[in-house]
Structures are given as structure tokens and as C-alpha cells.
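The residues making up each chain are set out below.
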Amino acid sequence: MTSETLEQKRAARKEWLSKLEFFDAFCSLYIDNNSEEFESAIASPEKLLAEMDRNGVSRAVVYHGNTGMVGAAYANNELAEGIKAYSDRLTGVWSILPEQCHELPDVEHIFVAMKENNIGALTLYPTWHRWIPNKLTIGRLMEAVAARKVPVYLPLGNGEGSWKWVYDFMKEFPTATTIVATLGLWGSDRNLRPLLENYPNLHAEMSQYWVPEGITDMAKIYGADRLLYGSGMPKMGFGSTMLSIVNLQLPEGDIEKIASGNIKRLLAWN
Amino acid sequence: MVTSVWNKPGTIANAFWERGWDFEAPETAPLPVYDMHGHMGSHNAIYFARCDAPEMVKHLKRSGIRRLVFSHHHALWGEFRNAQVRDICSQFPDVLRFYVAINPHRPQYIEEDLKLYDSFKPYVVGLKILAGYHKVVVTDKRYEKAMEFAAERKLPVLFHTWNGCPFNGLDPMTQLCKRYPTVTFFIGHSFSNWQAAKKLADQTENTYFELTSLPGQYGMIEHLVQEVGSKRIIFGTDMPWFDEFQHIGGILSAEISDEAKKDILCGNIERLLGKDW
Ligand SMILES: [Zn+2]
């Protein structure tokens, strides 16, 4: 290798990095009052945006960090209000409930309400909110959600879902566009790979997937389209996973997808 | 775009960020990083595609790790012997070093392995005690031979520690660190709790706080640096559990000084063990 080639490589990498955008696919706002770690939580959109700037993250999908405790209706409203002024950088996630109790906009109105409130995705906390996610409870809603390709976050941990829960959800709604989140720090390939193999619309965010070269391996098997940069704020920070993503052994185009392209594509339904 | 932690010229974070790790020569790495907490071998509860020496070394080299010091999973939990671990290290002498895995349920192995300790050189760095998994408190008699050996030779001993754990939580670890002042204690995972780390740091001088699983946790590195000081923190990853870039990224993106980042990634270990080992 001549030194000129090395210089060219360096310059090309620097140029590519300067254009690489990070769009955090899994981030939360507001204090979880039931967590011992609440002191580190991000309590305001302004503080969150400052931390994003410090790390070079341009945009983020945010869910309400205290949805489990305060409930879906309250959290959905508070989140929509909180991010209103920052719609260019923050996109919200609303939590759903069984249709029969009419606590949230029904299937005829929810997508309009999401659009009006800058909400790009849905999620659910059936353990916290005491209900069973299946066709009986959210069948009509999920049919419309799947048809529109609205992404649905399936969170593990934080007093919520287990892998069994995710498996049951996907069996019930196999065509849904989903993002499994908060995978847990113990390498989750045994649980995640069968889902990626069997459900082509299932994705995973990587805030807690730290297996060495593991993102590269999964992207090679299931495609880079299926994996998303997520920070997991405020339990996790923005920066650590960013360094592993810029060093994946994948083509630049694949890294761009994981860093921001995939989440943009998934939010494009709105 | 605002200047971020990654694109501030002249910083360690910027050097790591912009470096083409796959095409740059290893000797031009911004820092020689020492990973003081690794493992090797398969695991009962986790699929590791790259948990044997050749694949691990590839990852270590391309992420700028100068040395990984590890204890083998199967020496900790199975019948794999430390002498076999030495042989693995000897195949990758420029990167791999090991801790003698101490299993309190195998007193005969402890005795045999301590006798062999000098034959494990130059690859052996100290001992590893995993009390939370073996469910034998660190102050138990079954570790005494190993601890006395380490005290006599002033060796480092890496402990798995966890706040609230009866086997390697704050109280038994405090007792042990005071009992063996000549041992260098590497407090693995820093109890996963900076408050507990501070309590031990305040009462002892022979303790260094190791970071496995903590970089990446929001605010954790900042708290530890503030409470125990960057001079007493060392880097580790549980490799092959956790990606080197991910953990290094957690240090580099923390809101701490460049000097503190350097202390953690290499400076403290070079002060403790030197550069030639
Ligand atoms: Zn370990």
C-alpha cells in the first residue's frame, strides 16, 4: 500500500463520517419515578437535545419514560405536548391499550391524531397496564397498523416484556412492523435470531446488543435493513454504540442504514 | 451541526472516531488500550460466535487493544485447566495474558496451579476470583491459600463484584481488601454501583475499579471519575461478552477530561504493571 493510498483512505473516511447521520431509534424522555436510577433520567426535551448535540445525534424517536406508571393516556398527552416545539428533531411514540375501553383514539382516528402530534410509532406495556395483547384486545387496531406499516416497539425489561411475550405477540401479529427494544446485555442471539428469520418485518434496536462483531454478523445473515442504532437513553448513553457502529465490518451503505436510514424508512408511513 | 465529542480536533475521542481501524497500522493507534477483564470459551446462557482465541484476537487487534487479560470460562466453571490457558496465550503472545482462575470448589486445582504459577510466565498476570458465581464468600477459608500467595508476591487479583451480593458485595470486599494490603485488588464491575465503589475507595488504597458493563450506562463513568478519581479506574469488557468499540466508546463519549480517558484506557495500568509484560 502506498502512503498516498493511505492518505486517500483517511480522507475518504473523514469525509464519510462528517456526513454520517445518527438518528436514535430508541430514546426516552421524562423521569421514571419508579426507578432507582431516576436521578440520571432526562427530564426535559431541552436537556435531551443538548445531550444529543454533545454526542452528534441529529434526531431521536422518544417514548415516555414513565408510561408504565402514569398510564398510556396521560403519558401520550404529556409526550405530545413536550415534543411539540421540536418536531424537526424528536418523533414521539404512543402507547396503546385494548380497544374496548376507548381510553385512546379509536382505529378510525388514531393515525390522524398521530400525524397531528408528530407521533411516528406505537408501543405497549401490557404487564404494567394489565392486559393481554392479542386479536381480541387490539385485533382491529393491529390490522390497520400492520397495513399502514406503522412501527410498533416491543420493549423488553423495565418491568415489561419478556422474550416469551415478544414471541407471542409476533405469532399473533406476524405481519406487523415491529422493533424489539432493550434486548438485555447478555447476548441475545438465541432469542433474536429465530425472530429475525421468521418475521421479515421485525427489527431490533442495538442499544443493549454488545456482542463483539455481533451486529456485523447479524446484518450479514438477516440484512442491514433489520437493525437500528438506538441509545436506550437514559439508562444507556448515546455515544458508546455509535463507536461500534462506525466500526462495523460492513459496506458504508449498510452502516448508514443502521445509523439512521432504517428508522427514517420505518417512520416514512406518516 | 454542533461540534460533538467525536469531531473536536486534537482529542482522543476524535482520534478514535476518525481512525480507519481496518486499514491503519496497529502501532499508530492513538493509545495502547489495556483490557483487564476478559474471558474465553463458550457460555451456557449466551451464543458467542467468536469466543475462541483466533477470532477474539482479530477483534482485539482491530480495535486497538494492546493486551487482554482474561480468565477462561471453562477454567472458572469446568475442568479446563489453567495450564491449558497458558498454552492458548503462548499462541498469541503479543495480545493475550491470563489470570489463574480460582475455583473454591476445587482446592486441589488451586494448590496445583499455584505451584505451577512460575511456569505460566510470562503470560500470567494474577488471579481471578468469581465468588458471586461460585457462591462462596470472598473471605472464606477456601480462598486463603490463593490470597496468601497473591499477598506474598504482591499480585493483582481480579474479583467479580456486585453491590448487595453476599459473596462479593461491599462488606466482604472491604474486609478482604483490608486483610491483604499488599494485594492489588481489581474490583470487577466496580460493584456495578458507584456509591459502593466510593465507599471502598475511601477506606482503601490497594483498590482499582474495573469497568466491565459500565461504559455505555448514562452518567456512570462521570460519577465514578468524580467519586473515586480517574487514577483508580481501569478498563475491561468481559470480552467476548462485550464489544471493545462499544466499551471504548462509552469512555470516550463520557463528559470527563482527556487526561481521565487516558488514565482509564492505559495510563493507570502502565503505572501499575509497566509497559513490558
Ligand atoms: Zn467477568
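Residues numbered from 1 in each chain as written. Chains lettered and ligands numbered in written order. Predicted model: local features only at pLDDT ≥ 70, side-chain atom pairs only at ≥ 80, totals over all residues. Heavy atoms only, no water.

A.B. asks: Describe in detail the nonpolar core, supporting the description with residues and values.
C.D. replies: Phe22 of chain A together with Leu96 and Phe185 of chain B are the most contacted members of the largest nonpolar core, which has 174 residues in total. In terms of residue count, strand β3 (residues 96–102) of chain B provides more of this core than any other element does, six residues in total. By size, the runner-up hydrophobic cluster in this structure holds 15 residues, among which are Ala25, Val93, Leu228 and Ile263 of chain A. (Core = buried A, V, L, I, M, F, W, Y, C linked by side-chain atoms within 4.5 Å. Buried < 20%, exposed > 50% of the residue type's maximum accessible area, 1.4 Å probe, protein only. Helix = DSSP H or I, 4+ residues; strand = E, 2+ residues; numbered from the N terminus.)

A.B. asks: Give me the coordination of the zinc ion: which residues, what numbers.
C.D. replies: All names here are of chain B. Donor atoms from the polypeptide that coordinate the zinc ion comprise His37 (NE2), His39 (NE2) and Asp238 (OD), at 2.1 Å from the metal. Written as a sequence motif, the donor residues of the zinc ion are H-x1-H-x198-D. The residues His37 and His39 share a single accessibility class, namely buried. (Donors = N, O, S within 2.8 Å, 3.2 Å for Na, K, Ca; no water.)

A.B. asks: Could you give an account of the pairing of strand β5 (residues 156–160) of chain B, naming the residues involved and the relevant values?
C.D. replies: All names here are of chain B. Of all the five residues making up β5, five are buried; the element is thus mostly covered by neighbouring parts of the structure. Residues of β5 alternate between two faces, with Pro156, Leu158 and His160 on one and Val157 and Phe159 on the opposite face, all of them buried. In this sheet, β5 lies alongside strand β4 (residues 124–129) in parallel orientation, the contact comprising three bridges. Paired with Lys128 across the two strands is Leu158, which belongs to β5. Where β5 and strand β6 (residues 184–188) come together, five bridges link them in parallel fashion. Directly across from Pro156, in β6, lies its bridge partner Thr184. Chirality of the crossover, the property in question, places the unit of β5, helix α8 (residues 170–179) and β6 among those that are right-handed. (Pairing = 2+ DSSP bridges. Right-handed = clockwise from strand over helix to strand, strands pointing away.)

A.B. asks: Just give me the short version of the environment of Arg81 of chain B, but keep the residues and values in it.
C.D. replies: All names here are of chain B. Along the chain, the position of Arg81 falls in the loop between α3 (73–77) and α4 (82–91). Residues Arg81 and Ala101, 20 residues apart in the sequence, show an inter-C-alpha distance of 8.5 Å. Setting aside anything within four residues of it in sequence, one finds Arg81 in contact with Tyr109, Glu112 and Asp113. Within the local environment of Arg81, its side chain forms a polar contact with the side chain of Asp113, the two groups lying 3.2 Å apart. (Contact = heavy atoms within 4.5 Å. Polar contact = N/O pair within 3.5 Å; in protein donor to acceptor, adjacent residues only side chain to side chain.)

A.B. asks: Quick rundown of the packing of helix α9 (residues 194–203) of chain B against helix α10 (residues 220–228) of chain B? Include the residues and the values.
C.D. replies: Helix packing geometry: the angle between the two helix axes and the distance between the axes. Residues and elements named next belong to chain B. At a minimum axis distance of 9 Å, the contact between α9 and α10 shows a crossing angle of 20 degrees. The orientation of α9 relative to α10 falls into the category roughly parallel. The interaxial crossing formed by α9 with α10 has right-handed handedness. In this structure, α9 contributes Trp194, Ala197, Lys198 and Ala201 to the contact, and α10 contributes Met220, His223, Leu224, Glu227 and Val228. When grouped by side-chain class, the residues that make up the contact of α9 with α10 number six nonpolar, one polar and two charged. (Axes fitted to C-alpha atoms, helices over the stretch in contact; angles between N-to-C directions. Parallel < 35°, antiparallel > 145°, perpendicular 65-115°, else oblique. Left-handed = near helix turned anticlockwise from the far one by under 90°. Nonpolar A, V, L, I, M, F, W, Y, C, P; charged D, E, K, R; others polar.)

A.B. asks: Can you break down the pairing of β3 of chain B residue by residue, with the values?
C.D. replies: Residue and element names in this part refer to chain B. Of all the seven residues making up β3, seven are buried; the element is thus mostly covered by neighbouring parts of the structure. Inspection of the sheet shows strand β2 (residues 65–72) paired to β3 by three bridges, in the parallel sense. What sits directly across from Phe70, in β3, is Phe98. Taken together, the five bridges between β3 and β4 define a ladder with parallel strand orientation. Paired with Tyr99 across the bridge in β4 is Gly126. Considered for its hand, the β-α-β crossover made up of β3, helix α5 (residues 107–116) and β4 is right-handed.

A.B. asks: Please give an account of the sheet that holds strand β7 (residues 202–205) of chain A that cites residues and values.
C.D. replies: All names here are of chain A. With parallel pairing, the eight strands of this open sheet are ordered in space as β1-β2-β3-β4-β5-β6-β7-β8. Only two strands of the sheet have a single partner each, and these edge strands are β1 (23–29) and β8 (227–228). Across two bridges, β7 lies against β8 in parallel orientation. Along β8, the bridge assignment pairs Ala204 with Leu227. The strands touched by helix α8 (residues 163–172) within the sheet are β4 (119–124), β5 (152–155), β6 (178–181) and β7, with β5 carrying the most contacts at an inclination of about 150 degrees.

A.B. asks: Report on empty space enclosed by the protein, specifying residues and quantitative values.
C.D. replies: Counted by the stated rule, this structure contains seven cavities of 30 Å³ or more. By volume, the largest cavity is sized at about 130 Å³. Around the largest cavity, the lining comprises 17 residues; the ones closest to its centre are Gly237 of chain A together with Tyr218, Glu222, Gly250 and Ser253 of chain B. Within this model, the second largest cavity holds a volume of roughly 90 Å³. Taken together, 15 residues line the second largest cavity, and the ones lying closest to its centre are Val211, Glu213, Ser244 and Leu248 of chain A together with Asp243 of chain B. Elements with a minimum of two residues in the lining of the second largest cavity: α10 (214–222) of chain A together with α2 (53–62) and α11 (244–252) of chain B. When residues of the lining of the second largest cavity are assigned to their parent elements, the largest contribution, three residues, is made by α10 of chain A. Its residues assigned to classes, the lining of the second largest cavity comprises six nonpolar, six polar and three charged. (1 Å grid on protein atoms, 1.4 Å probe; cavity = no way out; pocket = protein on both sides within 12 Å on 5 of 7 lines; lining within 4 Å. Points joined across faces, edges and corners; volume = space filled by probe spheres on them.)

A.B. asks: Break down the packing of α8 of chain A against helix α9 (residues 189–198) of chain A for me, citing the residues and quoting the values.
C.D. replies: Residues and elements named next belong to chain A. It is the contact of α8 with α9, at a shortest axis distance of 11 Å, that shows an interaxial angle of 5 degrees. It follows from the interaxial angle that α8 and α9 lie roughly parallel. Side by side, α8 and α9 meet where Trp163, Val166, Tyr167 and Met170 of the first sit next to Arg190, Asn191, Leu192, Pro194 and Leu195 of the second. Partitioned by chemical class, the residues of the contact of α8 with α9 number seven nonpolar, one polar and one charged.

A.B. asks: An account of the packing of aromatic side chains is needed here, citing residue identities and associated values.
C.D. replies: A ring pair, where both rings are aromatic, is described by two values, the distance of the centres and the angle of the planes. Taken as a whole and judged by the stated rule, the model has 20 aromatic pairs over all chains. Feature note: the residues Trp186 and Trp210 of chain A together with Phe48, Trp241 and Phe242 of chain B constitute an aromatic cluster, connected by ring pairs. For Arg19 of chain B, the ring lying beneath its charged end belongs to Trp21 of chain B, and the centroid distance is 4.4 Å. In this structure, Arg81 of chain B is placed above the aromatic ring of Tyr109 of chain B, and the distance from its NZ or CZ to the ring centre is 3.7 Å. (Phe/Tyr/Trp six-rings, centres within 6.5 Å; stacked < 30°, edge-to-face > 60°. Lys NZ or Arg CZ within 6 Å of the ring centre and 35° of its normal.)

A.B. asks: Provide a residue-level description of the sheet that holds β4 of chain B, including the pertinent values.
C.D. replies: Residue and element names in this part refer to chain B. Pairing is parallel across the open sheet formed by eight strands, whose spatial order is β1-β2-β3-β4-β5-β6-β7-β8. The open sheet has two free edges, formed respectively by β1 (33–40) and β8 (233–234), since each of these has just one partner strand. Contacting β3, β4, β5 and β6, helix α7 (residues 144–153) runs over the sheet at an angle of about 145 degrees to β4.

A.B. asks: Could you give an account of the interface of chain A and chain B, naming the residues involved and the relevant values?
C.D. replies: Listed as interface residues are 44 residues of chain A and, on the opposing side, 49 residues of chain B. At the boundary of chain A with chain B, total buried surface from both sides reaches about 3900 Å², with 59% on carbon and sulfur atoms. Contact with chain B buries surface across chain A, with Arg54, Trp210 and Leu243 of chain A losing the most and accounting together for 19% of the total. Our count for the contact surface shared by chain A and chain B stands at five salt bridges. In this structure, the salt-bridge partner of Glu18 of chain B is Lys14 of chain A, at a minimum N-O distance of 3.8 Å. Here chain A and chain B share 18 residue pairs in polar contact (both at pLDDT 80 or more) between them. (Buried area = accessible area lost by both parts, 1.4 Å probe. Salt bridge = Lys/Arg side-chain N within 4 Å of Asp/Glu carboxyl O.)

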